Amino acid sequence: MKLAIISFTEHGSRLNAAVASALTLQGYDCENAAMPKYAARYGIKALDVPLRKWTGEMFAGKDAILFIGATGIAVRSIAPFLEHKAKDPAVVVMDERGMFAISLLSGHLGGANELAGLLANLTGAIPVITTATDVNGRFAVDIFAKKNGLYITDMTYAKEISAEALDEKRIGFFSDFPVIGEVPEELETWDEEKVFEGTCGICVTMDERKKPYKHTLRLIPRIVSAGVGCKKGTDRKIIKEKVENALEACHVSRHSLERIASIDLKKEEQGLVSLADEYGIPFVTYDAGALNRAPGSYTPSAFVENVTGVDNVCERSAVLASDGGKLIQKKTAADGVTVALAVREWSVDFG
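Described in the following lines is the structure provided in the data block. From a predicted model like this one, the values you see are computed outputs, not experimental measurements. (Residues numbered from 1 in each chain as written. Predicted model: local features only at pLDDT ≥ 70, side-chain atom pairs only at ≥ 80, totals over all residues. Heavy atoms only, no water.)

1. Some remarks on the overall build of the protein
As a reminder, the rule being used: Secondary structure counts use DSSP, requiring at least four H or I residues in a row for a helix and at least two E residues in a row for a strand, with both numbered from the N terminus. Burial here depends on accessible area, computed with a 1.4 Å probe over protein chains only, as a share of the maximum for the residue type. Under 20% is buried, over 50% is exposed, and the range in between is partly exposed. The contact definition used throughout considers only heavy atoms, calling two residues in contact when any of these lie within 4.5 Å. All tallies of charge rest on Lys and Arg as positive and Asp and Glu as negative; His and the ends of each chain are not included. Charge coordinates come from a single atom per side chain, which is NZ of Lys, CZ of Arg, CG of Asp or CD of Glu.
Within the protein, the regular secondary structure consists of 13 helices and 19 strands. For the protein, the C-alpha atoms occupy an extent of roughly 70 × 55 × 30 Å along the three principal directions. When each of the 351 residues of the protein is scored for burial, the buried share is 48%. A sequence separation of at least 24 residues applies to 62% of the contacts in the protein between residues at least 6 apart. Each charge class in the protein can be summarised by its mean position, and for the 41 positive and 47 negative side chains these summaries are 5 Å apart.

2. With respect to the packing of aromatic side chains
For clarity, the cut-off: In this scheme Phe, Tyr and Trp rings, the latter by its six-membered ring, pair at centre separations within 6.5 Å, and the angle between planes marks the pair as stacked below 30 degrees, edge-to-face above 60, and tilted otherwise.
Tallying each qualifying case throughout the model produces ten aromatic pairs. Ring plane angle 85 degrees and centroid distance 5.7 Å describe the contact between Phe174 and Trp190, whose orientation is recorded as edge-to-face. Here Trp190 lies in the loop between strand E11 (187–189) and strand E12 (200–204) and Phe174 lies in strand E9 (residues 171–175), a separation of 16 residues in the sequence. Where Trp190 meets Tyr213, the ring centres are 5.7 Å apart and the plane angle is 80 degrees; that geometry is what we call edge-to-face. Pair noted here: Trp190 is in the loop between E11 and E12 and Tyr213 is in the loop between E12 and strand E13 (215–221), with a separation of 23 residues, a long-range link. Judged by relative accessible area, Trp190 falls into the partly exposed class, the value being 39%.

3. Some thoughts on the packing of helix H3 (residues 51–61) against helix H4 (residues 71–78)
Rule in force here: Convention adopted: a line fitted to C-alpha atoms gives each axis, helices being fitted over their contacting stretch, and angles between N-to-C directions are expressed from 0 to 180 degrees. Put simply, angles under 35 degrees are roughly parallel, angles over 145 are roughly antiparallel, angles from 65 to 115 are roughly perpendicular, and the rest are oblique. By convention the crossing between two helices is left-handed if the near helix lies anticlockwise of the far one by an angle smaller than a right angle, and right-handed if it lies clockwise. Residues are sorted three ways: Asp, Glu, Lys and Arg are charged, Ala, Val, Leu, Ile, Met, Phe, Trp, Tyr, Cys and Pro are nonpolar, and all the rest, Gly among them, are polar.
In contact at an axis separation of 9 Å, H3 and H4 are set at 70 degrees when each is read in the N-to-C sense. Classified by the angle their axes make, H3 and H4 are roughly perpendicular. Handedness of the H3/H4 crossing: right-handed. Residues Leu51, Thr55 and Phe59 of H3 pack against Ile73, Ser77 and Ile78 of H4. The residue inventory of the contact of H3 with H4, partitioned by class, reads four nonpolar, two polar and no charged.

4. Quick notes on the pairing of E13
A regular strand places its side chains on the two faces of the sheet in alternate fashion. Quick reminder of the rule: For two strands to be treated as a pair, DSSP must find at least two bridges joining them.
Buried residues dominate E13, accounting for six of its seven residues. Relative to E13, strand E8 (residues 150–152) runs antiparallel, the two being bridged by three bridges. Bridge pairing in E13 links Tyr151 to Ile220. As paired strands, E12 and E13 are joined by five bridges and run parallel to one another. Opposite Cys200, over in E13, you have His215 as the bridge partner.

5. Quick look at the nonpolar core
Side chains that are nonpolar tend, in soluble globular proteins, to be buried together. Basically, it comes down to this: Take the buried Ala, Val, Leu, Ile, Met, Phe, Trp, Tyr and Cys residues and link them wherever side-chain atoms come within 4.5 Å; each set so joined is a nonpolar core.
Ranked by size, the top nonpolar core spans 44 residues in total, and within it Phe144, Ile202, Val204, Leu219 and Val243 carry the most contacts. Those residues within four positions of Val243 in sequence are excluded, and the remaining contacts are Ala226, Val228, Leu257, Leu275 and Val339. Leu23, Ile68, Val92 and Met94 belong to the second-largest nonpolar core, a separate cluster that totals 20 residues.

6. Focus: the environment of Ala116
Summarising the element assignment, Ala116 is placed in helix H5 (residues 112–123). Taking the relative accessible area as the measure of exposure, Ala116 reaches 0% and is therefore buried. For the pair Ala116 and Lys37, spaced 79 residues apart in sequence, the C-alpha separation works out to 27 Å.

7. Overview of the packing of helix H1 (residues 10–25) against H5
Packing of H1 against H5 brings their axes to within 11 Å, and their N-to-C directions diverge by 110 degrees. One finds that H1 runs roughly perpendicular with respect to H5. Note on element contacts: H5 touches H1 through Leu115, Leu118, Leu119, Leu122 and Thr123, opposite Val19, Ala22 and Leu23. Residue classes in the contact of H1 with H5 are distributed as seven nonpolar, one polar and no charged.

8. A closer look at unusual backbone geometry
Unusually for a residue other than glycine, His251 sits at a positive phi of about 55 degrees. As for its position among the elements, His251 is in the loop between helix H9 (236–249) and strand E15 (257–263). Look at Asp335: it is not a glycine, yet its phi comes out positive at around 55 degrees. Following the sequence through the fold, Asp335 ends up in the loop between strand E17 (326–334) and strand E18 (337–343). For Asp335, a relative accessible area of 58% corresponds to the exposed category.

9. Some words on the sheet that holds E12
Strand order in the open sheet formed by five strands is E8-E13-E12-E9-E11, with mixed pairing between adjacent strands. In the strand order of this sheet, the two ends are held by E8 and E11, each with one partner. Here the strands of the sheet are splayed against their neighbours by 30 degrees on average, with no regard to which way each runs. As defined by bridge partners, E9 adjoins E12 across four bridges and the pair is classed as parallel. Bridge pairing links Phe174 to Cys203 in E12.

10. Concerning the environment of Ser103
Within the secondary structure, Ser103 is located in strand E6 (residues 100–105). Accessibility expressed as a relative area gives 8% for Ser103, which makes it buried. Through-space distance from the C-alpha of Ser103 to that of Pro127 is 7.6 Å; in sequence the pair is 24 residues apart. Residues in contact with Ser103, not counting those within four places in the same chain, are Val91, Val92, Ala112, Asn113, Ala116, Val128 and Ile129.

Read these as layout, nothing more, since geometry by itself doesn't imply function.
Right, here's the structure in full:
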């Protein structure tokens, strides 16, 4: 997680340096700043732009922001940049003495509640969490989705489900995947022989057309890799069209994609690189030796083997990128682009 930290006083800057050091050891990528008067004393970068400008830059580029100072300063600083709970970074406020760690913004999806809890463990601060599902100990669909790496298709239904949970109403639960752990008591698992009397339900699926409930919130796991081969210089739009055609053919949401893969000869192919950037997913490549060692049987091509040293690029790279997963779409070819899809093994985790 990319974290920005800002402090305004001497005590706060001392805490700033200590927290940044501790969180770095926890795997956080910390960028901290302080008022010029105190920065050098604690080895912190001096704030050399107006606070509002700094906050805007951090909002755009960081996953979380920690203000060490008054809550009012934090509120005024972030107010111009607020958009939506699905987009805003986590914001946490600590007082300069480190007595409280307040989850101020994006408590669930952004991870502010989790960060406040971690800061409490590291510093002895009291975590201040005000989200209703946490206060009442109820199931929170956004936390569940984040923990399982699920894409939330409809924030309106997500809010409705949270409200139903707080009102102690039953919420349906359907999954196309195995389930690990104990299903929360608020959720009623799908049973074809039983009539569900509620309105809202969760559906964990790769198929965005599936609707087991009147108000169905589809949660999409990111578990599909697209193996792609293409002629040199193929435009991103053409590659995108072929990838999305393959997804549509097997009723798989675009939001299920977690990687695009190919042979290392294509590692700088601009159409593939830019498509992965557009989707916000990694583009990974493998050499011919690794592709040849991919387990399974594949659709061979003598031409491809003559050029690349491997009889099939798209299917083999999809399987490798999905950690040895199952092919759900074998090679399709059109306009100089080949595409195959593989899904890795995955389960819903309530642990």
